[in-house]
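# Chains, contacts and geometry: an overview
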Amino acid sequence: MTNPNSHDGGDQTGSFDPARIIFVASLCLMAFTYGVATMMYQLFPYGIIMNAKAAYHALKDIEEDDLFAGVMALDPKAPARPVIATLDPDVGTEHLLVTGGPYEFMQRCPKFGCMAWVIDRKGKVLHSWEVDTDALFSDLPEMAGRPLTRNLYPSGLALGADGSLVMTIQARNTFPFQIGIAKIDRNGKLLWKHWDHNHHWSMLDRAGNVYSPSMHFERNVKFREFRNRERCNGISTWLGSISTHRMAICVRKLDLADIIAKSKYRGLFYGLRDGCDPIHLNSIDLASPSVAAAIPGVNPGDMLISMRESSSVAIIDKDDGHIKKLMTGQTAGQHSPKFLPDGTALVFDNQGGDRTLGGTRIVRMNFVTGTSETIFPRPGSTREVPFFSMNAGHIDISSDGRRAMITGKEPGRSFEIDIASGQPLWSYHSSFDIAPYLERHKIKAKTTRAMQRLWASTMCPPMNFTLPVSGIE
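Residues numbered from 1 in each chain as written. Predicted model: local features only at pLDDT ≥ 70, side-chain atom pairs only at ≥ 80, totals over all residues. Heavy atoms only, no water.

### As for the pattern of salt bridges
Put simply, the rule reads: We count a salt bridge whenever a side-chain nitrogen from Lys or Arg sits within 4 Å of a carboxyl oxygen from Asp or Glu. Starting at the N terminus, helices and strands are each numbered in turn, a helix being any DSSP run of H or I of at least four residues and a strand any DSSP run of E of at least two. Only protein chains enter the accessibility calculation, which uses a 1.4 Å probe; a residue is then buried when its area is under 20% of its type maximum, exposed when over 50%, and partly exposed in between.
Counted according to the given criterion, the structure contains 19 salt bridges. Where glutamate 94 meets arginine 403, a salt bridge forms, and the shortest distance between an N and an O atom there is 2.8 Å. Separated by 309 residues along the polypeptide, glutamate 94 in the loop between β2 (83–86) and β3 (95–99) and arginine 403 in strand β25 (residues 403–408) bring together distant segments of the chain. Here aspartate 349 makes a salt bridge to arginine 361, at a shortest N to O gap of 2.8 Å. Of this pair, aspartate 349 sits in strand β21 (residues 345–349) while arginine 361 sits in strand β22 (residues 361–366); the two residues are 12 residues apart in sequence, bridging distant segments of the chain. Residue class for aspartate 349 comes out buried when judged on its relative accessible area of 0%.

Structure below.
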């Protein structure tokens, strides 16, 4: 009978081979040891593993993306164009700069869609920017996920006096979602771009300098103040910076993690909601001379910033970034603080509002007294409630400091309020007929009407645009 433990044609003694077992065990031990060393000393392929792990965590809740990023939902009851309402005679008269994106408002921008447009208070479109997105996105940095044109969008816009636009580009269904920054002229021609992970909203000063949130990755981040707390479990951590662009050149970056670590506010690193994103800088505003005069120790040009993860709003020095004023715990996951002329600030408090009114509020912060008060919605409010935006959210202040334009991404709407009373004055609810997009991409849908996201509507003075004037058709 043939020994079942032997090979055909041979007379080997059986499966128990001490030398072979020792050899295999040695290989396993070597592999295990190298695996440990890989994670401890970041040897190859540590970077590949960590980037893949980070990308998985970022993309595990991936959105469907047959439609472009501006579409929140198809709805046969949605109006074919934005709904605009004047709610009070004291409504402002400024024009409004509205964020768009690839494939948005193709009735007016039929080839690439409108990246942005300007309307008057009746909704008439006075100017739009159509950008060659094939050229704009031709050299995107390497990223995980689906960096398709329809997944990219301008999250923030800064309008120059010459009609140029600085656009901060983000993406859905990619890792990272922070893409970069670009500038176009009044006709949509690309002037420059930087794919250096800029995000949210940029600030443009009178000299033309652009201040923008940006981020960079670091691995194995351990905040030295808490010896046993590695905040991100080995996954790449993204840290916040403020980038300053002059013309097409990034001339400075302020590293906020380093600034906080050297300050007396190091406890901001301890109670984080997301240790992989410990700062989440999402807004920058600059102190005017009147603001600086109202707050002891603050100078013109100092920066008002929002750090979402620690629910903190701070004023930092314009030169070295050291923290001059800080209010924390009075908002929850906030965005978009903006100075008022008297030195107080309005803040879009995403999750710190009254749940019976929606859960989001607009709060006014006083850096001198350290106190805050709700401006909108107030008890008994009926207009523009319920008011809730889980994330994002934008505030723009009128030049006289009396009114504010509030934008919630979902549902896509902007409304103007009187700051003193909190009463809504004007509203814009975003919806469109997206038939041109569906036809181009041969998408069959039961309806062509869509409720749309809105990242910002900002007030701007009337400009001498020379391109044809038209309404939303």
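### Digging into the sheet that holds β3
Applicable threshold: Strand pairing is assigned whenever DSSP identifies at least 2 bridges connecting the two strands. Only the contacting stretch of a helix is used when fitting its axis, a line to C-alpha atoms as for every element, and angles between N-to-C directions run 0 to 180 degrees.
Taken together, the four strands give an open sheet; going across it, the order is β5-β4-β3-β30, and neighbouring strands pair in antiparallel fashion. Here the strands that pair on one side only, and so sit at the sheet edges, are β5 (125–130) and β30 (457–460). Each neighbouring strand pair of the sheet contributes to a mean axis angle of 20°, computed without reference to strand direction.

### A look at unusual backbone geometry
With an omega of -10°, the peptide bond running from phenylalanine 376 to proline 377 counts as cis. Residue valine 385 is joined to proline 386 through a cis peptide bond whose omega torsion reads 5°. Counting through the fold element by element, proline 386 comes out in the loop between β23 (371–376) and β24 (394–397). Non-glycine residue asparagine 173 carries a positive phi angle of around 60°. Within the element layout of this structure, asparagine 173 appears in the loop between β8 (165–171) and β9 (174–175). A residue is classified by how much of its surface remains accessible, and asparagine 173, at 8% relative accessible area, is buried.

### Looking at empty space enclosed by the protein
Summary: where empty space remains is shown by rolling a probe the size of a single water molecule over the atoms. Our working rule: Grid points spaced at 1 Å and placed over the protein atoms alone form the basis of the search, with a cavity being a set where a 1.4 Å probe fits but cannot get out and a pocket an open set showing protein on both sides within 12 Å along at least five of seven lines. Lining residues have an atom within 4 Å of a point. Grid points are joined across faces, edges and corners, and a volume is the space filled by probe spheres set on the points.
Counted under the stated rule, the structure contains two cavities of 30 Å³ or more. Estimates place the volume of the largest cavity at around 70 Å³. Surrounding the largest cavity, Gln178, His199, His200, Ser214, Met215, Trp238, Leu239, Gly240, Asp277, Ile279, His280 and Leu281 form its lining. For the lining of the largest cavity, the element with the highest residue contribution is strand β14 (residues 237–246), accounting for three residues.

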